[in-house]
Each structure stands twice: as C-alpha cells, then as structure tokens.
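Architecture and fold: a report
Take a look at the letters that make up each chain.
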Amino acid sequence: MPHYPAPPPSLSYELFPPASAAAAERLEVSLEALAQTEPDYVSVTYSGTPHRRRATLDLVDHLVRDTRLRPLAHLTCVGESAESLAGLVRHFIGLGVRGVLAMRGDLPEDPAAYVGEYPFARYLVELIREVEGQYSAALGAGRLSVGVAAYPVRHPESPSFQHDVEVLVGKQRSGADYAITQVYFRPEDYTQLVDAARRAGVTIPIIPGVLPVDSADRLARLATLTGVEPDPLLGHALETASDEAERRRIGVEFAASLARRALGDGAPGVHVYTFNRHEGAIDLVERLDLPGQRTDARHGLAARVGA
C-alpha cells in the first residue's frame, strides 16, 4: 500500500460576537492578525439573548463575505424548537458555512424556564444530518463538518467521567465528525480522555482546547463558566506577576505545555480559546511552531503530488 505523509496539525480559534462598537473594532484587528496564521477555521459562539444570537449570525456572515477565515458556526439546542434549529442550519448552508459545532448549551438558571424539543446535543447532530440530506445539491453532494464538545474533566452536571465518555459515544453514533475539548489544566486530562474514549469505541478525532489565560480574574471567571477547577500554581503566578507582559507570558507557556503534551500524545491539532484577544493566541501558536509545521507539511505534500 502507498505511504501517505501525516497531515499537518489542525489549528483553529474560538471567537464570540462583540457586544459593542468598540469591541467590534478590536475584533476586526484580531481577525486580521489571526488570519495571518492561516487557521483551518474559527468557531463562533452562539448563546445568550436573541440580540446576542443575532450578533452571532452577523459575525458568521461577515467572516464568510469579508474575510479569508472559514467559520465554524456554533449551534445550541436549549430553548429551541426543531423548526427554528432546522431553519438556522439552512441559513448557515445558504451563507456558505460548511461546518457546525453542535452543543446542548447552558441550561437557564430557572429550570421551569426551559423550553425546547432537544434536551441533548446528539439529537441536534441528527437534525443537522437530516437537513444536510435535503441540500445535497447545494453542498455538491458533500457533507457538513459537524463537531461536538468533549470533556477531559467531568461535566458539572454529569454523574461521572465515564458517563461523559458514553455521551461522546452517542454523539459519534448520531453523526459527529470530530470533538473539541472543554478547557482543562492538567496535561494528563486530555490523554486520559482520549484513552477512555478509544476504549469505549470513539474513533473520531478529539482536538484539545487550550486557553492562554492572561489574568487571575479571567481564570476565576473561566472556572465559574466551565466548572473546571483551575490550576492553583497558575493562579498564584498570575496574581503575583509584575505586569501584563509577564502575565501573558505565564499564560502562554502554561497553555503551550498542555498543547505540547497533547500533540506528543497524538492529538490531531489545537483549538485555541481566545476571549477575542489575538495577542496571546498568536504567541501560543508561534511558541508551538504550528505555522512552521503546517507550512512544511503542505510543501511536503505538494512536492509528493508534483512528483
């Protein structure tokens, strides 16, 4: 059998829609800077009020029409009807989006306020595949790339880590192509997740999600949002750092250590959570030499094809 070179590690970023005109201006600067690293895609979060969700659709449209970046559109099913979700998938396809990240989304604080037809992400994946089948002509008989979330640390609502793994198995069976992990702070967490997932029958790629945290306040907010206990040494280092430059260096190096371990253990790439700040994200991918690795791999493939 012919031997094919390994693909270059994937590179992607997560963004969220800006909440003000000033934030929109800063995001434009970040988009241009991130585009220079030639990522495979940038994911755009989808949650919150109807206004925030509208802002997500506007940002996805902007990325398609006005930038060189390929959007991965988040889609959450909490509080949504099947009809509204199908309409959103059709809207994304019409915009030219070819990737969707399917997630349940955060439950409202008041459980009685929950309204929706799909309580779990695997049903959303099935719906996306159903709508996709109606658009085979528009998609050139191809498929949407559907990603899902994975949890190296037990989800706060889950009874166990193994339950999270079984949920990932269900998402794969529903048609997911790959998974992106929630943030984590111990290098072994990613490896343990992948090992457990493979034993359970998960074969899709699992991409580690890392965040170069540049402040103790942001680290605390991240812990609140995700339910993941932050690394105490990282928190102490950020609190005692002398200035912003040192905090950024600390956060980048910590994220780089997680990514290096994951890549060394076979991770297919890296997904960088940015908080809409490009500086630390770019420092991280340069520290990992991802642009260089990806360029070398492309050149090697081009030479092989040319031969």
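Residues numbered from 1 in each chain as written. Predicted model: local features only at pLDDT ≥ 70, side-chain atom pairs only at ≥ 80, totals over all residues. Heavy atoms only, no water.

We now examine the packing of helix 4 (residues 121-133) against helix 5 (residues 161-174). Contact geometry for helix 4 and helix 5: axes closest at 8 Å, N-to-C directions at 10°. As the angle between them shows, helix 4 and helix 5 are arranged roughly parallel. Contacts between helix 4 and helix 5 involve Ala121, Arg122, Val125, Glu126 and Arg129 from the first element and Gly170, Lys171 and Ser174 from the second. (Axes fitted to C-alpha atoms, helices over the stretch in contact; angles between N-to-C directions. Helix = DSSP H or I, 4+ residues; strand = E, 2+ residues; numbered from the N terminus. Parallel < 35°, antiparallel > 145°, perpendicular 65-115°, else oblique. Contact = heavy atoms within 4.5 Å.)

This structure, assessed with the given rule, holds 17 salt bridges. Here Arg277 makes a salt bridge to Glu244, at a shortest N to O gap of 3.9 Å. Taken together, the residues Arg277 in the loop between strand 9 (269-273) and helix 10 (278-287) and Glu244 in helix 9 (residues 244-264) connect sequence positions 33 residues apart. Linking Glu253 and Arg260 is a salt bridge whose minimum nitrogen-to-oxygen distance equals 3.0 Å. Accessibility expressed as a relative area gives 37% for Arg260, which makes it partly exposed. (Salt bridge = Lys/Arg side-chain N within 4 Å of Asp/Glu carboxyl O. Buried < 20%, exposed > 50% of the residue type's maximum accessible area, 1.4 Å probe, protein only.)

With respect to the helices and strands, Ser12 occurs in strand 1 (residues 10-15). Among the residues examined, Ser12 registers a relative accessible area of 1% and is labelled buried. Engagement of the side chain of Ser12 in a polar contact is seen with the side chain of His271, the distance being 2.6 Å. (Polar contact = N/O pair within 3.5 Å; in protein donor to acceptor, adjacent residues only side chain to side chain.)

Let us look at the packing of aromatic side chains. This model, assessed by the stated rule, comprises five aromatic pairs. Ring plane angle 40° and centroid distance 6.4 Å describe the contact between Tyr41 and Tyr178, whose orientation is recorded as tilted. Of this pair, Tyr41 sits in strand 2 (residues 41-44) while Tyr178 sits in strand 6 (residues 178-181), and the two are 137 residues apart along the sequence. Pairwise contacts between aromatic rings join Tyr118, Phe120 and Tyr123 into one cluster. Over the ring of Phe275 we find Arg218, and its NZ or CZ is 5.5 Å from the ring centre. (Phe/Tyr/Trp six-rings, centres within 6.5 Å; stacked < 30°, edge-to-face > 60°. Lys NZ or Arg CZ within 6 Å of the ring centre and 35° of its normal.)

None of this, on its own, says anything about what the molecule does.
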